[in-house]
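So you can see what is in the structure, the chains are spelled out below.
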Amino acid sequence: MDIYRNYLNFVTEELQDPYKNLPRAIYISLPLVTVVYVLTNVAYFTVLSVPEVLTTEAVAVTFGVRILGVMAWTMPFFVACSTFGGVNGGIFASSRLFFVGARQGHLPDCLAMINIKNITPLPSLIFVGLLSCLMCTTSDVYSLINYTSFIESSFIALSVSALLFLRYKQPNLKRPIKVNLIFPIVFLLICVFLIILPLYSSPMETGIGVVITLTGIPVYFLLIWPKRKPSCIENTIVYFTHSTQKLLRCVGETHKRTD
């Protein structure tokens, strides 16, 4: 499902005319990506046999050796470029998620700061980088994928379910971008499949992923939810926020008055 992710959904505030350009980007990118992936797999199975596809550690590299000869090195190079682009999009979008979450009061205030020079959520970008480094400490990348994919699919399914619920309960709400219900329904079914499959194939990793997610509940109710926190916690949060502002040259977001 990751190939169909459009990171522009996470940065609509930074788009010009998002109500027009966001649907346009989705309508162009999804068919284009689908065609490219289908043709790529057709090329793989045209050149390589099924046993070769199943046994090779890198199908693209084996394909490149078979077709490109001395230029086979270009295949892993462009795969690395593609991976770099995917990581860039993921970091770009994830930092905005933490930024908006902090702005709404769900995360520490320091993550809702913007660098005054580059006008970017620098604390959130650094926070995402630290989380990525923490995840790299494990050598079992497949378990890490199971942790993240299950939790991500679960929350995406909840979000799409909320969309369908609101379309049913409040059909007359103003919706600048509105699509046929068949699309969110199909997407929800795909998410449900991605939730059920790990439960069956990797119950241990799935359970650990759920436990890791649930550890955020006591942190939220201790540090975020209370309007009046213990003075020691309040002073620590304020000190950390001020230190972040001074170190990274960041300020909180401001809004223009409309009255």
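Everything that follows concerns the structure shown earlier in this document.
Source: prediction; values computed, not measured.

Asks: What's the story with the overall build of the chain in this structure? I'm lost.
Replies: A count of helices and strands for the chain gives 10 helices and 2 strands. In the chain, the succession of helices and strands from N to C terminus is α-α-α-α-β-α-α-α-α-α-α-β. Overall size of the chain, expressed as C-alpha extent along the three principal axes, is 65 × 45 × 40 Å. Burial analysis of the chain (259 residues in total) assigns 22% to the buried set. Within the chain, counting contacts between residues at least 6 apart in sequence, those at least 24 apart form 56% of the total. With the model as given, the accessible surface of the chain reaches about 18,600 Å², and the carbon-plus-sulfur share is 70%. Distance between charge centres in the chain, computed from 19 positive and 13 negative side chains, equals 12 Å.

Asks: Honestly, the environment of V210 in this entry has me stumped. Any pointers?
Replies: Turning to its location among the elements, V210 is positioned in helix 8 (residues 203-214). The spatial distance from the C-alpha of V210 to the C-alpha of I151 is 7.0 Å, given a sequence separation of 59 residues. Among residues more than four places away in sequence, those in contact with V210 are F150 and I151.

Asks: Explanation requested: the environment of R249 in the structure shown.
Replies: Take R249: it is sitting in the loop between helix 10 (231-248) and strand 2 (250-252). R249 gets classed as exposed once you look at its relative accessible area, which sits at 52%. Sequence-distant contacts of R249, that is, excluding residues within four places in its chain, are made with I114, N115, I116 and T244.

Asks: I would appreciate a short explanation of the packing of helix 6 (residues 141-169) against helix 7 (residues 182-201) in the present structure.
Replies: Between two packed helices, what matters for the description is the angle formed by their axes and the separation of those axes. Running from N to C, helix 6 and helix 7 point in directions that differ by 150 degrees, and their axes come no closer than 9 Å. When the interaxial angle is binned, helix 6 and helix 7 end up roughly antiparallel. Between helix 6 and helix 7 the crossing geometry is left-handed. Judged by residue contacts, F150, S153, S154, I156, A157, V160, S161, L163 and L164 of helix 6 engage P184, I185, F187, L188, C191, L194, I195, P198 and L199 from helix 7.

Parameters at a glance
- Residues numbered from 1 in each chain as written.
- Predicted model: local features only at pLDDT ≥ 70, side-chain atom pairs only at ≥ 80, totals over all residues.
- Heavy atoms only, no water.
- Helix = DSSP H or I, 4+ residues; strand = E, 2+ residues; numbered from the N terminus.
- Buried < 20%, exposed > 50% of the residue type's maximum accessible area, 1.4 Å probe, protein only.
- Contact = heavy atoms within 4.5 Å.
- Areas by Shrake-Rupley, 256 points an atom, 1.4 Å probe, with all protein chains shown as cover.
- Lys, Arg positive; Asp, Glu negative; His and termini not counted.
- Charge placed at Lys NZ, Arg CZ, Asp CG, Glu CD.
- Axes fitted to C-alpha atoms, helices over the stretch in contact; angles between N-to-C directions.
- Parallel < 35°, antiparallel > 145°, perpendicular 65-115°, else oblique.
- Left-handed = near helix turned anticlockwise from the far one by under 90°.

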